[in-house]
Amino acid sequence: MLKGFREFVFRGNVVDLAVAVVIGAAFGAIVTALVKDLITPLIAAIFGKPDFSAITFTINNSKFLIGDLINSVVSFFLIAVAIYFLIVVPMNAIQSRFAKPAAPAAPTTKECPECLSTIPLAARRCAHCTVVLNR
């Protein structure tokens with residue numbers, strides 16, 4: 001039983017996933033700080049106060065704090081934009097720069113020497129002019 005557990009833990013996928021979670025948590029803190037400390041104050045400088053937590057409405061003496069929801073949505077959007085432009089776009093550019101070009105596909109057709117029509121490679125006779133083809 002312990003041998004199976006050891007094999008499971010030391011399999012590449014589990015270790016890779018554990019590293020990804022730890023790195024993701026650390027990176028999440030960096031992105032959250034970037035949004036909270038740089039991007040949100042920039043928006044506040046341009047558009048006014050960015051805190052929507054004071055927005056509420058009341059129905060039958062029940063208070064709905066819709067401003068907190070708006071703050072969370074705006075924060076999520078800003079984090080998603082920051083991740084996209086600071087991580088995804090540069091990584092795609094790096095991957096495309098170092099990617100090997102795809103090998104051209106093997107031809108599946110050839111031209112008839114008599115009528116120049118396109119015919120399958122395995123054809124022995126042209127379907128258009130009925131000339132016998134040499135392999």
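Structure: see above.
Since this is a predicted model, take the numbers as computed values, not measurements. (Residues numbered from 1 in each chain as written. Predicted model: local features only at pLDDT ≥ 70, side-chain atom pairs only at ≥ 80, totals over all residues. Heavy atoms only, no water.)

1. Some remarks on the overall build of the chain
Secondary structure summary: the chain contains three helices and four strands in total. Scanning the chain from its N terminus toward the C terminus, one meets helices and strands in the order α-α-β-β-α-β-β. In terms of overall dimensions, the chain is more spread out than a globule: its C-alpha atoms have a radius of gyration of 31 Å, far above the 14 Å expected for 135 residues. Seen along its three principal axes, the alpha-carbon backbone of the chain occupies a region of about 90 × 55 × 40 Å. For the chain, with 135 residues in total, the buried portion stands at 8%. The contacts in the chain between residues at least 6 apart in sequence include a share of 19% that link residues at least 24 apart. (Helix = DSSP H or I, 4+ residues; strand = E, 2+ residues; numbered from the N terminus. Rg over C-alpha atoms; globule rule 2.2 N^0.38 Å. Buried < 20%, exposed > 50% of the residue type's maximum accessible area, 1.4 Å probe, protein only. Contact = heavy atoms within 4.5 Å.)

2. As for unusual backbone geometry
The backbone phi angle of Asn60 is positive, close to 50 degrees, even though this residue is not glycine. Position of Asn60 relative to the elements: it lies in the loop between strand E1 (57-59) and strand E2 (62-64). You will see that Leu116, though not glycine, has its phi angle at about 60 degrees, which is positive. Take Leu116: it is sitting in the loop between strand E3 (109-111) and strand E4 (118-120). Take Leu116: its relative accessible area is 56%, and that puts it in the exposed class.

3. A short note on helix H3 (residues 66-98)
In this model, H3 (33 residues) spans 47 Å end to end at C-alpha, consistent with the 48 Å of a helix rising 1.5 Å per residue. Along H3, the sharpest kink reaches roughly 35 degrees, centred on Tyr84. Burial in H3 covers these residues: Gly67, Leu78 and Ala82. (Expected span 1.5 Å × (residues − 1). Bend = angle between axes of the 7 residues up to and from the residue.)

4. A short note on the layout of surface pockets
Summary: where empty space remains is shown by rolling a probe the size of a single water molecule over the atoms. The calculated volume of the largest pocket comes to roughly 210 Å³. Lining the largest pocket are 13 residues, with Thr40, Asn71, Val74, Ser75 and Leu78 positioned closest to its centre. Elements represented by at least two residues in the lining of the largest pocket include exactly helix H2 (12-47) and H3. In terms of residue class, the lining of the largest pocket is made up of seven nonpolar, four polar and two charged. (1 Å grid on protein atoms, 1.4 Å probe; cavity = no way out; pocket = protein on both sides within 12 Å on 5 of 7 lines; lining within 4 Å. Points joined across faces, edges and corners; volume = space filled by probe spheres on them. Nonpolar A, V, L, I, M, F, W, Y, C, P; charged D, E, K, R; others polar.)

5. Points about the packing of aromatic side chains
Summed over the entire model, instances satisfying the criterion amount to two aromatic pairs. Their ring planes at 15 degrees and their centres at 4.9 Å tell us that Phe57 and Phe64 sit as a pair that is stacked. Since its relative accessible area comes to 38%, Phe64 is described here as partly exposed. Ring geometry for Tyr84 and Phe85: centres 5.0 Å apart, planes at 80 degrees, overall edge-to-face. The class of Phe85 is exposed, set by a relative accessible area of 53%. (Phe/Tyr/Trp six-rings, centres within 6.5 Å; stacked < 30°, edge-to-face > 60°.)

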